Amino acid sequence: MIQIAIMGYGVVGSGVAEIISTHKQSLAKKAKEEIQIKHILDLREFPDSPFAHIFTKDFNDILNDDDVKVVVEVMGGVKPAFEFVKACLEKGKSVVTSNKELVAKKGAELLAAAQKANANFLFEASVGGGIPIIRPLNQCLAANDVDEIAGILNGTTNFILTKMIREQMSFKDALALAQSLGYAERDPSADVNGDDACRKICILASLAYGKHIYPDNIYTEGITSITLEDVEYAAAWGGVIKLIGEVKHLESGKKDVFVAPMFISHDSQLSSVDDVFNGIMVRGDSTGDVVFYGKGAGKLPTASAVVADVIDCIKHLDSRKYLFWADSNGEDVEPYENSVAAMYIRVTQDKGNAYETAQQVFGNIRRLTRNNATANECAFVTDEMSIKELRAKISQLTDNGVNVLNSIRIGDL
Ligand code: HSE
C-alpha cells in the first residue's frame, strides 16, 4: 500500500480524493499498489466529508510523515504552495501538482530540487486540465524538434468568445454568463487578461525547448477589447477570433512567444474548438501537426490528470522520470516587437476617407465589410509586418486623424 497526501481540498483536491476512492480497485491494478490517502491539508473545516477524519491544518503532519511517499499539491497560487512543494521534494517525496502558476513561475527551481532528491515532480494537469499534453510532448513526441506550439489554453475566454461569435452576446454579458455557470472566477482578470493562458504556454515552451520561459517576459494580451464588430469582421474574413498562446522556434534559435487574440481561419482545426474546451496544436518536424482536444478545466477532468501522475510517481518511486528544464535568464525569448504577423485593423475617420488614409500608410491592404457599418468605419487586413512596424504605422494613422479602434493578429495556424 502506498500512502499519499493531498494539499488543498478545493474543486480539484476533492475530485482527486473522489477518484481515488471510487476507482480504488482499478487504480490498485494500474499502480500495482493500493493507494491510501493519509492526510488532507486545508485550513477550512469539512465535518460532513467522508474524509473528515484525515484533515489537518498543519503542513508538518505531511512533511514529517515518512510513510507519505507522494504529495498532491492542488492549493493554487505560489504562496505557500512553493515553500510546501519544495520542502516535500527536498525530503525525497514525489510531488504532483495542477498548479500552473507555480510551475510557470517556479518550475526550474522545483525540477532541480526534484532531481537533487531523486524524486519526481509531475504536472500533467497544469496545462489542458484533462487533456494529455505534458507527457505526450515530453515522451511521445520526443523524436521531434518542435517548430511551433499554438493553443486555445483557457476555457473561460473560449466560452466567452464562443458566445460572442454564435449568439452575438456582448463581452460583458458573456462574462457574466461564464461567472453564473461557475467557469469564470468572481475576479476573472487572470482569464480575460490572458495571464492563465500565458502561464500554460510558458510551461509548454519550457518543456519543449528545455529552458525556463518566465511569464513576466512574455507579451500577453487578453480579450477585453474584442467587440461584436471585430467578431463580424472576422467572419467576413473567413474565420473566428480565438485567444491563442503560441511559441515558435525561430531560425536564430530564439523563441517567439506570446498570448494574443487572433483571427483563425475556418480551415484551422483550432477554429472549431468551442465553449470551455481547449485545443493544442504541436507542430513537430517529423510528425507535422498533432492536435490535442478536450476539457481544459473542471473538477474530474483535472483530477483525472492528477491521479494519473500519482500512479506514475508510484511506479517510479525509486527512479526518476526524465522531465526537466534548466533555468534561464530570458535571453532565449525574442522581443515581441520583432514578432511578425499580418494584422486586422479597425478604424474610423471623422474627416477624410479612412480607407484611402490606410492605403497610403500601409500600402497593400484588403478591405473587409460588414452589415450596418457606419460610413466612417473601415476594417482591413495588412500584409505581414513586425509589431514594431505595425506600431509605427498605427502612429502614422493617428497623426493623420484616424481613430484606431482595434488591431488583431491574423493567425497562420
Ligand atoms: N480558469 C482556467 C480556464 C481553469 O478557464 O481554463 C483551468 O486552468
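Residues numbered from 1 in each chain as written. Predicted model: local features only at pLDDT ≥ 70, side-chain atom pairs only at ≥ 80, totals over all residues. Heavy atoms only, no water.

Some points on the pairing of strand 12 (residues 288–295)
Pairing geometry for strand 11 (residues 277–284) and strand 12, over eight bridges, is antiparallel. Residue F277 lies in a different strand from strand 12, and its bridge partner there is K295. Linking two consecutive strands that pair antiparallel, namely strand 11 and strand 12, is a turn of three residues. (Pairing = 2+ DSSP bridges. Helix = DSSP H or I, 4+ residues; strand = E, 2+ residues; numbered from the N terminus.)

Some words on the environment of N138
Within the secondary structure, N138 is located in helix 6 (residues 134–140). When the C-alpha atoms of N138 and F324 are compared, they prove to be 9.2 Å apart, with 186 residues separating the residues in sequence. Those residues within four positions of N138 in sequence are excluded, and the remaining contacts are L207, Y322 and L323. (Contact = heavy atoms within 4.5 Å.)

So, the layout of surface pockets
Approximately 1,400 Å³ is the volume found for the largest pocket. The wall of the largest pocket is formed by 49 residues, among which V11, V12, K100, E185 and A297 lie closest to the centre. Taken together, the elements giving at least two residues each to the lining of the largest pocket come down to helix 1 (11–22), helix 5 (100–117), helix 7 (155–167), helix 9 (189–192), helix 10 (195–209) and helix 12 (299–315). Grouping the amino acids of the lining of the largest pocket by side-chain chemistry returns 18 nonpolar, 18 polar and 13 charged. Here the lining of the largest pocket gathers at least three residues from each of two domains, domain 1 (2–130 + 299–315) and domain 2 (134–295). Surrounding the second largest pocket, L137, N138, L141, A142, N144, D145, V146, D147, L207, A208, Y209 and H249 form its lining. Listed by contribution, the elements that provide at least two residues to the lining of the second largest pocket are helix 6, strand 7 (146–152) and helix 10. (1 Å grid on protein atoms, 1.4 Å probe; cavity = no way out; pocket = protein on both sides within 12 Å on 5 of 7 lines; lining within 4 Å. Points joined across faces, edges and corners; volume = space filled by probe spheres on them. Nonpolar A, V, L, I, M, F, W, Y, C, P; charged D, E, K, R; others polar. Domains from an automatic or database assignment.)

Some remarks on the side chain of E377
One can find E377 in strand 16 (residues 377–382). Using a relative accessible area of 8% as the deciding quantity, one classes E377 as buried. The residues contacting E377, other than those within four sequence positions of it, are E229, Y233, R346, V347, T348, R367 and R370. (Buried < 20%, exposed > 50% of the residue type's maximum accessible area, 1.4 Å probe, protein only.)

Digging into the nonpolar core
Counting residues in hydrophobic clusters, the biggest one holds 115 residues, and the most contacted among them are F121 and L204. A per-element tally of this core places helix 10 first, with nine residues. When residues no more than four places from it in sequence are discounted, the contact partners of F121 are V85, L89, V95, T97, V103, L110, L111, A114 and L323. Counting 30 residues, the second largest nonpolar core, distinct from the first, contains V273, M281, L390 and L413. (Core = buried A, V, L, I, M, F, W, Y, C linked by side-chain atoms within 4.5 Å.)

Considering the packing of aromatic side chains
Tallied over the entire structure, the rule returns 15 aromatic pairs. Their ring planes at 5° and their centres at 3.8 Å tell us that Y219 and Y336 sit as a pair that is stacked. With Y219 in strand 8 (residues 219–220) and Y336 in the loop between helix 12 and strand 13 (340–341), the pair connects residues that are 117 residues apart, well separated along the chain. Judged by relative accessible area, which is 27%, Y219 ranks as partly exposed. Here the aromatic rings of W237 and F263 are separated by 5.5 Å at their centres, their planes lie at 55°, and the arrangement is tilted. (Phe/Tyr/Trp six-rings, centres within 6.5 Å; stacked < 30°, edge-to-face > 60°.)

So, the environment of M281
Mapping M281 onto the fold places it in strand 11. Taking the C-alpha atoms as reference points, M281 and S14, 267 residues apart in sequence, are found 30 Å from one another. Other than its neighbours up to four places away in sequence, M281 contacts E148, I149, A150, L270, D289, V290, V291 and L413.

Section: the packing of helix 13 (residues 354–362) against helix 14 (residues 387–399)
Relative to each other, helix 13 and helix 14 sit at 140°, their axes nearing to 10 Å. Classified by the angle between their axes, helix 13 and helix 14 sit oblique to one another. As for how helix 13 packs across helix 14, the hand of that crossing is right-handed. Every residue of helix 14 that contacts helix 13 at T357, A358, V361 and F362 is listed here: L390, K393, Q396 and L397. Partitioned by chemical class, the residues of the contact of helix 13 with helix 14 number five nonpolar, two polar and one charged. (Axes fitted to C-alpha atoms, helices over the stretch in contact; angles between N-to-C directions. Parallel < 35°, antiparallel > 145°, perpendicular 65-115°, else oblique. Left-handed = near helix turned anticlockwise from the far one by under 90°.)

Notes on empty space enclosed by the protein
Enumeration over the complete set of coordinates arrives at one cavity of 30 Å³ or more. Within this model, the largest cavity holds a volume of roughly 80 Å³. Taken together, L122, F123, E124, I134, R135, N138, Q139, D309, K321 and L323 make up the full set of residues lining the largest cavity. A total of four residues in the lining of the largest cavity trace back to one element, the largest contributor, which is helix 6. Of the residues in the lining of the largest cavity, the class split is four nonpolar, two polar and four charged.

The quantities given are spatial measurements derived from coordinates; they are silent on function.
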